[in-house]
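# Close look at the chain arrangement
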Amino acid sequence: MNCINLNTPAEIIEAFRACNNPGEKIELFECLATRSDPPIDAFLQILEGVKLEEIVALTILAFGKITDGDIKARLKESSELLSVLSQQAQSGATDLIRWAAATTIETVGFDFITVSQHLSEEPRKIAEKIVQSKIRRFSDSNLVNSDDYYDEFVIFWIYGGLERLKSISSNCKYAEGSPIDRTCQVVMSFLGLRAIKNVNAALQRAESMGDKASAIDENEVFEGSAQNMAKQKLESKVNPDELNILIENQLHCLQSNNLSTRKSAAQIISQFGTTFIEQLKQSQPTLAIAVFIFSQDWYKLQWVTSGKKDSSGLQELIQCYEFDSLSYNQLDLIAQKFDFLANNLTRKKVKQDCREWWKQALNDLDKRQKLEQQNQQKLAERKQRFEERKQKSIALKNQIEAVFNQVRSFNTEWYNRFFANPSLASLPNLTFESNETDYHQLFSQYDRCLIDQLRKMDKEWNSYWRSQISPLETQRSSAKLEESKLSKDLQNLRYEQENSSVLKSFLKCIVWYCMFTPVVHLLLAAAGPGLIFGIFAFAWFIVSIMLTGYLFSTQTRLLEKTVINAHVKHEILDSEIRHLYEKQDEVSQLLRPLIK
């Protein structure tokens, strides 16, 4: 602000009216007070002739902000100034004017004895009583709705007790909704850009002090209000100087003690674009990482009921993590960034939070690793169960095929007719990733399909076997019946031969005759008739024997031969049938265990 040419009350008042907010008004009078030739006479004239509270209060406070040593020394000796200030401290029109006068008397450093000649009470006590009366009003829950809230109460904190307000609100939480929290936000909104610069300076001091930073400099309410104001201003068009102040504020707020302020700042900065982020990585890599971490979707905040005894039922904002969307490697990288921030950020609370997040991330990584090991074990077990179930079906198919090969080994015709076609169903194309219930069901269906195919083949085979065995059994029955009939006929024939006496006697005579005649002839031949007669006699003896056998056995022998032929035929058929039964039983023994 340019105040070099402002020397008269009229010029100062005109400049005051041109200010857009209380912050600019305060800066106007600070500029006048800190220049090399502050308009002391104009200030005194304003105090004598102007009644407007804001101008009077700022003019009074300006005397205490003069920086020139010589002028400050003259002011300490000025009885005129002390008289004016003492009068305002005792009977000023408003609390703000009285507080400003009492505070300025203390700041200028007037002689204590001289001050006691003008005031019946120490200026410090006068100022403190006024401040305490304002502080007590914060206990009123309806404060913000009172008639004098803006015109008297808020104005006091804007122009007078801003630093004291920062002190008494240093333990408050931003956006908690209390009267003091709301008042701080209102005061900050009136002060505008000045308030943001003031907060930036305080946060810079806090960062330089590290763990020893004061609670006043780290005031959450003022920091959060400034961050929110800066965010709103960034949404409109601002000049380069203001832009730098607003960006500086967002960067400072990355280390805020307040979680929502920290996250909001990170989200705002992340919207500045790739070029800005790349520049930030080069100039302030720690803050660039903070922007990345605090702006993530998995970094969330939520209100919960506090468990503290002294704040039972109150809500507090806590951080929560939703790392489920991150892969193991991504979370491992995030954990490294948490560790980096915990070691390289400067403010205590954010470092503690990052360390806690780092531990939380490591814990999550450990759980994931254990869970992954469990999942791998479960996966291996599931794969094993799948393979066992699959092998069971494969074994069934192989067993059936082995049976078919055994059938082929002893009867290729049967194999080709019944077991070669159709081929067995193919194994389902499944993987162990399939649902366990599904693959169990599908493999069971496949097994039933194989058994059904086998049953069908067995049925066809049995039908064929019966068609082959039935004619043979019929022939065997006929052959057996015929053999039985012939055997009976032979028995009867023999019986008749043995019991016929006439025939028997006749045959005996013939036999004896045939047998003895040759013998006699032989004897005669040996006695002398001659060799030829002897040969003839011997030949007749042989023929007699043969004729006798023929007469006795011709019919019987014919019948016996017929019986033997019938028996042989029966045995052949029986052997064929027995062979078929054996083969059928062999096939059945192979198929039955599988079908059951």
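Note that this is a predicted model, so its numbers are computed, not measured.

Note on pairing: side chains with opposite charge can pair once their charged atoms come close. This model, assessed by the stated rule, comprises 26 salt bridges. A salt bridge links aspartate 148 to arginine 137; its shortest N-O distance comes to 3.0 Å. Taken together, the residues span a long stretch of sequence, with aspartate 148 in the loop between α9 (123-136) and α10 (149-159) and arginine 137 in the loop between α9 and α10 at a distance of eleven residues. Look at arginine 137 and you get partly exposed, because its relative accessible area is 22%. Put simply, glutamate 218 and arginine 347 hold a salt bridge, and the shortest N to O gap is 3.0 Å. With a gap of 129 residues between them, glutamate 218 in the loop between α13 (193-209) and α14 (220-234) and arginine 347 in the loop between α19 (328-344) and α20 (348-410) connect regions that are remote in the sequence. Owing to a relative accessible area of 11%, glutamate 218 belongs among the buried residues under this scheme. It is possible to trace a salt-bridge network through shared partners that takes in Asp95, Arg98, Lys134, Arg137, Asp148 and Glu152.

Time to look at the packing of helix α1 (residues 9-18) against helix α2 (residues 22-34). It is the contact of α1 with α2, at a shortest axis distance of 9 Å, that shows an interaxial angle of 150°. By the angle between their directions, the pair α1 and α2 is classed as roughly antiparallel. When you trace α1 past α2, the crossing you get is right-handed. Taken together, the residues of α2 that come into contact with α1 (itself represented by Ile12, Ala15 and Phe16) are Lys25, Leu28, Phe29 and Leu32. Partitioned by chemical class, the residues of the contact of α1 with α2 number six nonpolar, no polar and one charged.

On to the layout of surface pockets, then. Computed from the structure, the second largest pocket encloses a volume of approximately 440 Å³. What lines the second largest pocket is a set of 23 residues, among which Trp99, Tyr159, Gly160, Leu162 and Glu163 lie closest to the centre. Looking at the lining of the second largest pocket, the elements with two or more residues in it are α2, α4 (53-63), α7 (95-108), α9, α10, α11 (162-168) and α13. Its residues assigned to classes, the lining of the second largest pocket shows nine nonpolar, seven polar and seven charged.

A few words now on the state of the cysteines. Tallied over the entire structure, the rule returns one disulfide. Between the sulfur atoms of cysteine 3 and its disulfide mate cysteine 31 the distance is 1.9 Å. Between cysteine 3 and cysteine 31, the S-S dihedral sits near -85°, and the bridge is therefore left-handed. In this pair, cysteine 3 sits in the segment before α1 while cysteine 31 sits in helix α2, placing the two residues 28 residues apart along the sequence.

What the rule picks out here adds up to 15 aromatic pairs. Arranged with centres 5.0 Å apart and planes meeting at 80°, the rings of tyrosine 149 and tyrosine 150 form a pair that is edge-to-face. Owing to a relative accessible area of 44%, tyrosine 150 belongs among the partly exposed residues under this scheme. Lying over the aromatic face of phenylalanine 222, lysine 166 brings its terminal NZ or CZ to 5.9 Å of the ring centre. In this arrangement the basic side chain of arginine 262 is found over the ring face of phenylalanine 294, its NZ or CZ atom lying 5.5 Å from the centre.

Two numbers describe how α9 lies on α10: the axes approach to 11 Å, and their chain directions differ by 125°. Considering their axes alone, α9 and α10 lie oblique with respect to each other. Like other packed secondary-structure pairs, α9 and α10 cross with a definite hand, here left-handed. Residues Ile130, Val131, Lys134 and Ile135 of α9 form the contact with α10, whose participating residues are Glu152, Phe153, Phe156 and Trp157. Partitioned by chemical class, the residues of the contact of α9 with α10 number six nonpolar, no polar and two charged.

A word on empty space enclosed by the protein. Over the atoms, a rolled probe matching the size of one water molecule traces out where space is still vacant. Here the structure, examined in full by the defined rule, presents two cavities of 30 Å³ or more. Size it by volume and the largest cavity reaches roughly 60 Å³. Around the largest cavity, the lining residues are Phe63, Gly64, Ile66, Lys72, Leu75, Lys76, Thr107 and Val108. Counted by class, the lining of the largest cavity contains four nonpolar, two polar and two charged residues. Computed from the structure, the second largest cavity encloses a volume of approximately 30 Å³.

For asparagine 249, the location among the structural elements is in helix α15 (residues 240-253). The class of asparagine 249 is buried, set by a relative accessible area of 0%. One polar contact links asparagine 249 to glutamine 250, side chain to side chain, over a distance of 3.4 Å. In this view, asparagine 249 contacts Ile196, Val199, Asn200, Ala226, Gln227 and Ala230; residues no more than four positions away in its chain are not counted.

Conventions used here
- Residues numbered from 1 in each chain as written.
- Predicted model: local features only at pLDDT ≥ 70, side-chain atom pairs only at ≥ 80, totals over all residues.
- Heavy atoms only, no water.
- Salt bridge = Lys/Arg side-chain N within 4 Å of Asp/Glu carboxyl O.
- Helix = DSSP H or I, 4+ residues; strand = E, 2+ residues; numbered from the N terminus.
- Buried < 20%, exposed > 50% of the residue type's maximum accessible area, 1.4 Å probe, protein only.
- Axes fitted to C-alpha atoms, helices over the stretch in contact; angles between N-to-C directions.
- Parallel < 35°, antiparallel > 145°, perpendicular 65-115°, else oblique.
- Left-handed = near helix turned anticlockwise from the far one by under 90°.
- Contact = heavy atoms within 4.5 Å.
- Nonpolar A, V, L, I, M, F, W, Y, C, P; charged D, E, K, R; others polar.
- 1 Å grid on protein atoms, 1.4 Å probe; cavity = no way out; pocket = protein on both sides within 12 Å on 5 of 7 lines; lining within 4 Å.
- Points joined across faces, edges and corners; volume = space filled by probe spheres on them.
- Disulfide = S-S within 2.5 Å.
- Phe/Tyr/Trp six-rings, centres within 6.5 Å; stacked < 30°, edge-to-face > 60°.
- Lys NZ or Arg CZ within 6 Å of the ring centre and 35° of its normal.
- Polar contact = N/O pair within 3.5 Å; in protein donor to acceptor, adjacent residues only side chain to side chain.

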